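One letter stands for each residue in the lines below.
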Amino acid sequence: MLTRTLSTWFAAWMALLTVAFYLWPGQHMLWWGAIGLSSTTGVLVGVVVHRPRRRWPWLLLASALFAFGAGDFLYNLLTDVFGMTNPFPSFSDVLYLAMYPLVAGGLLGFIRSRTGRNDRDSLLDATTLTIGLALLAWIFLIDPYVRSTELTLVQKLVSIAYPLGDVLTLAVFARLITGGTRRSPSIMILGLGTAGLLAADVVYGLIQLNGDWHVGGPTDLGWVLCYAAWAAAALHPSMVELTEPARSQSSDVGVRRIALLGAASLIAPGVLLVEASLGTVRDAAVIAVMSGVMFVLVLARLAGVMGNHRQSMARERELREATTTLVSAADTAETLAAVRHAVDRLLPDGLAHTVVLVRAERVDEPGLVRVSGLDPDVRDLLRGYSSALRHPLGIERDMLYVGAPTEALQALQPTFEVLASQAAMALERMTLTAEVNRRSSEAYFRTLIHNTSDVILIVDEHDLIQYASPSAGAVFGDERLAGFELWEFVAADERPRLAELLTQVRGGLHAHNQIDLRAERVDGVGLMVEVDCRDLRDDQTVGGLVLTVRDVTERRQLEEQLIRQAFHDALTGLANRVLFQDRVEQSVARVKRDPHGPGLVGVLFIDLDDFKIVNDTLGHAVGDALLIAVGERIRGALRDTDTVARLGGDEFAALIEAGSMPDLELAAERVLLALAEPFEIAGQDVNGISSVGLSTTVDASSAEELMRQADLALYVAKGAGKGQWRRYQSDLHTAVLERLELRAALDQAVKEQQFVLQYQPIVDLETGSPLGFEALVRWNHPTRGMIAPGHFIEVAEESGLIVPMGRMVLQQALNTVGRWQRSTAPGALRYISVNVSVRQFRTPGFVEEVRQLLRASGVEPGTLLLEITESLLLRNDEQVKADFDALRAMGVRLAIDDFGTGYSSLSYLQHMPIDVLKIDKSFIDDMLESKQQRAVVTAIVTLAQTLDLAVVAEGVEQSAQALALRDMGCPYGQGYLFARPLSEPDAFALIPKAAPFAAMA
């Protein structure tokens, strides 16, 4: 309050004196003397009221103001009383000039008090700024005085001294504000007064050069501002900060400082440019000197920046090492030792200092403090030092002090704060660790026991429960188990196992052991538990066996579910191939252990005869339902002890252990008869007639041999006709003979050209109009009638007959297309698609053969689309790629048939000249029910679009499938929804006789 009142009254008083000075100029000597005296008094009052740590800088400033005021008074006395006209020089000039070193001394005192060290970077910045402004002073003030012919030598020297004094004041004040410390309000007020002084002096000098100076002009306002501002700075409470040690801020060159220093550096070239443009360069030498000095200052400043960077890196390295030591510190002594070692490394070598840790009554703010203001016991520890760094440590009101010379402490302060924070964290870690160890007591342990999900039981020598943890309520339905026998909560058939466990632990065979048991809750509900038993009878606090019981019911159920999924078929729930083979191996091993016993092992392989027809005609949903029903009938026809499995697709198997061969043959007959009865699926009768192959351990010595013989017997049964069963016998070579007969029949069929083609249209899904046909081969057997390729293609591939057969198919298809094209309008038939086997494609001369057949049939090469399987691309065969390129050069287009079922890599799509992808029917069948299948189809369509390939979906049987394919961007389809394979006349009837087919993109 006192400070505010003094400031208010002083401001009002100075304003009143200034007004009086201008209103009554005749008495300006009186008013001006009052202004100077009031300013000096204001500084002295501020010193008395605020009591700064160091008074002499303020007293020097007061002396400067007094000298300035005394000079003004003497000048006015000479002019007003003695009638002298502008006396110059005079004794008043001595007083004026004395003001400048006094001001510089006071400002240097502030600098020394605040920073306590030589701030080289700030000094260089201040010097750069001062030299730039000094050059202007030379050009406009000093040089005119030097060149003046009207002034005497003494007058010139005195005149030059004034701008030099201003430059000195500017240099010292620039050093003060660039010192890297926080700028308090007092500094800003001092800067305002200094600016007024410099401005008034400059204007005064310029006016003196013109010789028309007089008292009472506007120039005097600058000096009034100097008087008032310097006194106001002393009266402001922040004046004490100017003589207190201050934390050094970062000396990095900021944007504003760079701009200011850049402007100062450009003064010299700017002046040179102006003089050169005027045609006369008068100050070239001075400008050159000033530019050279500034260049040296810039180099020195850059060296300082690099030095600061090296110091920062060194301090960071020391901090990292100290942090590593603090992390491993085990107590307060080791922490303090680490801090002392770090401070020794951070301070200059040989510098006297001390580090102390004090338990204080209160937690004080961290920072640079005066030792004289600390508690007596702390002052005794820091005796011999005027300043100290302080920082609180830990949570026990510990205070860390570092005593050293003020200058060293100011440089150390930022690093010390980081180091002290790390030490505080180390002490807090120790405190928390001790607290955790303290809480590891009986009470803390009891809290853990009460909140764990495991049940802790203590059992005495008579198997009575002495203690049960509260979690027993959640597991067993009641936590009040103490006093009951342990056996009451264990399933009856599990009690012997638990008794054996307790006996082993009590007998010292195991320090502890663990088993799984079926237990019972108090309400009779069963559960699976994991029991761990430890012998703590010798522990006086326990005195019994400790059983840790954990409810693992859900975990075991999940494990059983995963095991079931791994060994059972997902569709039928029967055993899968892995489990079935394991069961067969176990059965065969039992027979081997007792070869003369009554046991006999048989394996049935069961395969549905017309399952593909069911899938193709009724759809896969009906097919899956049929498979489930077949599995149930097979199980019903056999005993519960027999193992029934689904090996994959429509193939089933059964493992039977019987006493005699007739029993096994009777089982095969029962299965066959059971499956011969029609199945009612989705409201309609579905045929489930099957073929069965039987093998026994009479003819097989291993599980692998037993299953192989059953498969061979099944093959023979299927060759014998539908609904047959056969037992493996050593004379099964007849089956091989039958296969040879089939090969011979195929050879004869090729020679007699018993193969006919049927044609299935490929349609545009958007319009429903056809765009071409796929040629499908059928064997018109003389006695068996029309045979589908599934019955003879495999043998044809094995025997190599697929090559002449394929040539025949290609020739017949091209001849048919040629006749169609000659009987229809041009462009009416666009495409004919022909399948080519891998063996046929790899036959030497295949490309030339295609060329000759095209030429002979008169069909344009662009009409032919060859379908190949992905297996052809399994190897990166250069010959295959060359044949592809040759076909493409000819105009023939290429398609990948059954895409997605073969080659796992898609790299060939980028390297091979493919035109069309045909999506396999297996993906289309389940795409409406399976999100995964739908995603696969979408991915294939997207891939084809990305690679600019056409896409044809095979096996489209439902309108919903066609609609879904069209929505996902698939343009073409093929399947029973549009047409079954047609004879040549029926296919020809679909060809428009005038309008052309739609073209495949």
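Residues numbered from 1 in each chain as written. Predicted model: local features only at pLDDT ≥ 70, side-chain atom pairs only at ≥ 80, totals over all residues. Heavy atoms only, no water.

Could you give an account of the overall build of the chain, naming the residues involved and the relevant values?
Helix and strand counts for the chain stand at 34 helices and 25 strands. For the chain, the share of sequence-separated contacts (at least 6 apart) that also reach a separation of at least 24 residues comes to 67%. Carbon and sulfur atoms form 57% of the exposed surface of the chain, whose accessible area is close to 49,200 Å². (Helix = DSSP H or I, 4+ residues; strand = E, 2+ residues; numbered from the N terminus. Contact = heavy atoms within 4.5 Å. Areas by Shrake-Rupley, 256 points an atom, 1.4 Å probe, with all protein chains shown as cover.)

An account of a nonpolar patch on the surface is needed here, citing residue identities and associated values.
Together, V19, L23 and W24 make up a nonpolar patch on the protein surface, roughly 320 Å² of accessible area in all. Examined against the element boundaries, L23 turns out to sit in helix α1 (residues 2-23). Exposure remark for L23: the relative accessible area of 54% places this residue in the exposed category. (Patch = residues over 30% accessible without salt bridge, like charges linked within 9 Å, V, L, I, M, F, W, Y side chains within 5 Å. Salt bridge = Lys/Arg side-chain N within 4 Å of Asp/Glu carboxyl O. Buried < 20%, exposed > 50% of the residue type's maximum accessible area, 1.4 Å probe, protein only.)

If you had to explain the packing of helix α2 (residues 28-50) against helix α3 (residues 56-81) to someone new, which residues and values would you point to?
Taken N-terminus to C-terminus, the directions of α2 and α3 make an angle of 170°; their axes are 9 Å apart at the nearest point. Judged on the interaxial angle alone, α3 and α2 are roughly antiparallel. Along the contact surface, α2 presents H28, M29, W32, S39, T40, V43, L44 and V47, while α3 presents W58, L59, A62, L65, F66, D72, F73, N76, L77 and D80. (Axes fitted to C-alpha atoms, helices over the stretch in contact; angles between N-to-C directions. Parallel < 35°, antiparallel > 145°, perpendicular 65-115°, else oblique.)

How would you summarise the environment of L574 if you had to cite specific residues and measurements?
The residue L574 is located in the loop between α18 (553-567) and α19 (577-593) in this model. With a relative accessible area of 2%, L574 lands in the buried category. As a C-alpha pair, L574 and V644 span 70 residues in sequence and 6.3 Å in three-dimensional space. When neighbours within four sequence positions are excluded, L574 is seen to be in contact with F567, H568, D569, G631, R635, V644, A645, R646 and F652.

Which residues make up the pairing of strand β6 (residues 465-468), and what are the values?
When strand β5 (residues 455-459) meets β6, the two strands line up antiparallel, connected through three bridges. Pairing of I458 across the sheet is with Y467, part of β6. The antiparallel hairpin formed by β5 and β6 contains five residues in its connecting segment, where D463 sits at a positive phi of about 65°. (Pairing = 2+ DSSP bridges.)

Talk me through the sheet that holds strand β10 (residues 600-608); I want residue IDs and the actual numbers.
The sheet built from five strands is open, its strands ordered β11-β12-β10-β15-β16 with mixed pairing. Of all the strands in the sheet, the pair left with one neighbour each is β11 (643-648) and β16 (725-727). Each adjacent strand pair in this sheet contributes to an overall mean axis angle of 20°, direction not counted. Here strand β15 (residues 690-696) pairs with β16 via three bridges, running parallel. For V692, the partnering residue across the bridge sits in β16 and is W725. Along the sheet, α19 makes contact with β10, β11 and β12 (651-658), crossing β12 at roughly 20°.

If you had to explain the packing of α3 against helix α8 (residues 220-235) to someone new, which residues and values would you point to?
Axis separation between α3 and α8 bottoms out at 11 Å; the angle between their running directions is 155°. Between α3 and α8, the crossing angle belongs to the class labelled roughly antiparallel. For the pair α3 and α8, the crossing hand works out as left-handed. Here W58, L61, L65, F68, G69 and D72 of α3 lie close against α8, whose contacting residues are W223, Y227, W230, A233 and A234. A per-class count over the contact of α3 with α8 returns nine nonpolar, one polar and one charged. (Left-handed = near helix turned anticlockwise from the far one by under 90°. Nonpolar A, V, L, I, M, F, W, Y, C, P; charged D, E, K, R; others polar.)

Describe the side chain of D463, with residues and values.
Relative to the helices and strands, D463 resides in the loop between β5 and β6. The buried category is assigned to D463, whose relative accessible area is 12%. A polar contact is formed between the side chain of D463 and the side chain of R506, at a distance of 2.8 Å. In this structure D463 touches F484, E485, L486, W487, L502 and R506, once residues within four positions along its chain are discounted. (Polar contact = N/O pair within 3.5 Å; in protein donor to acceptor, adjacent residues only side chain to side chain.)

Before we move on, can you summarise the pattern of salt bridges with the specific residues and values?
In this structure the tally under the stated criterion is 26 salt bridges. Between R506 and D463 there is a salt bridge, and its shortest N-O distance comes to 2.8 Å. Residue R506 is found in helix α17 (residues 495-506), and its partner D463 is found in the loop between β5 and β6; the two are separated by 43 residues along the sequence. Residue D607 pairs with K718 through a salt bridge whose shortest N-O separation is 2.9 Å. Note that D607 is positioned in strand β10 and K718 in helix α23 (residues 703-719), a separation of 111 residues in sequence. Classification of D607 by relative accessible area gives buried; the value is 11%.

Tell me about the sheet that holds strand β3 (residues 387-393), and name the residues and values.
Within the open sheet, the four strands sit side by side as β1-β4-β3-β2. Their pairing is antiparallel. The open sheet has two edge strands with one neighbour each: β1 (354-359) and β2 (367-370). For this sheet, the mean inter-axis angle between neighbouring strands, taken without regard to orientation, is 30°. Where β3 meets strand β4 (residues 398-403), six bridges bridge the pair, whose relative direction is antiparallel. Bridge pairing in β4 links H391 to L400. Running over the sheet, helix α12 (residues 332-346) touches β1 and β4 and is turned about 150° from β1.

Which residues make up the confidence of the model for the chain, and what values do they have?
Counting all residues, the mean pLDDT for the chain is 79, and 83% of those residues have values of 70 or more. For the chain, per-element mean pLDDT is lowest for helix α15 (residues 442-451), which scores 54, and highest for strand β25 (residues 972-973), which scores 94. (pLDDT = per-residue confidence, 0-100.)

Let's hear about the packing of aromatic side chains: which residues, and what values?
Applying the stated criterion across every chain yields a total of twelve aromatic pairs. Ring geometry for F841 versus F884: centroids 5.2 Å apart, planes at 80°, classification edge-to-face. Pair noted here: F841 is in helix α27 (residues 838-841) and F884 is in helix α29 (residues 878-890), with a separation of 43 residues, a long-range link. Like F841, the residue F884 is buried in the burial classification. Pairwise contacts between aromatic rings join W32, F68, W223 and Y227 into one cluster. (Phe/Tyr/Trp six-rings, centres within 6.5 Å; stacked < 30°, edge-to-face > 60°.)

An account of the side chain of S695 is needed here, citing residue identities and associated values.
Note that S695 resides in strand β15. From its side chain, S695 meets the backbone oxygen of L706 in a polar contact 2.6 Å long. There is a polar contact of 3.5 Å between the side chain of S695 and the backbone nitrogen of A710. Residue contacts for S695: discarding those within four places in its chain leaves V601, G602, V603, L706, Q709, A710 and Y728.

So, the environment of L627: which residues are in play, and what are the values?
Summarising the element assignment, L627 is placed in helix α21 (residues 620-637). Taking the C-alpha atoms as reference, L627 lies 9.3 Å from E651; in sequence the two are 24 residues apart.

With reference to specific residues and values, describe the pairing of strand β17 (residues 755-764).
β17 sits mainly inside the fold: nine of its ten residues count as buried. Here β17 runs beside strand β18 (residues 770-781); their pairing, made up of nine bridges, is antiparallel. Counterpart to V763 in the pairing with β18 is P770. Count of turn residues in the β17/β18 antiparallel hairpin: five residues, of which G768 carries a positive phi of about 80°. Pairing analysis gives two bridges linking β17 to β25, with the strands arranged antiparallel. Bridging from a neighbouring strand, D764 pairs with Y972 of β25.

Now, about empty space enclosed by the protein: what can you tell me, with residues and values included?
Evaluation of the coordinates by the stated rule reveals five cavities of 30 Å³ or more. Put simply, the second largest cavity is a space of about 110 Å³. In terms of lining, the second largest cavity is formed by 14 residues, of which the most central are F476, L486, V490, V531 and V549. Going through the elements one at a time, β7 (512-520), β8 (526-536) and β9 (544-551) are the ones with two or more residues in the lining of the second largest cavity. In terms of residue class, the lining of the second largest cavity is made up of 14 nonpolar, no polar and no charged. (1 Å grid on protein atoms, 1.4 Å probe; cavity = no way out; pocket = protein on both sides within 12 Å on 5 of 7 lines; lining within 4 Å. Points joined across faces, edges and corners; volume = space filled by probe spheres on them.)

Residues and numbers for the environment of Q581, please.
As for its placement among the helices and strands, Q581 is situated in helix α19. Separated by 122 residues in sequence, Q581 and A703 have C-alpha atoms that sit 7.4 Å apart.

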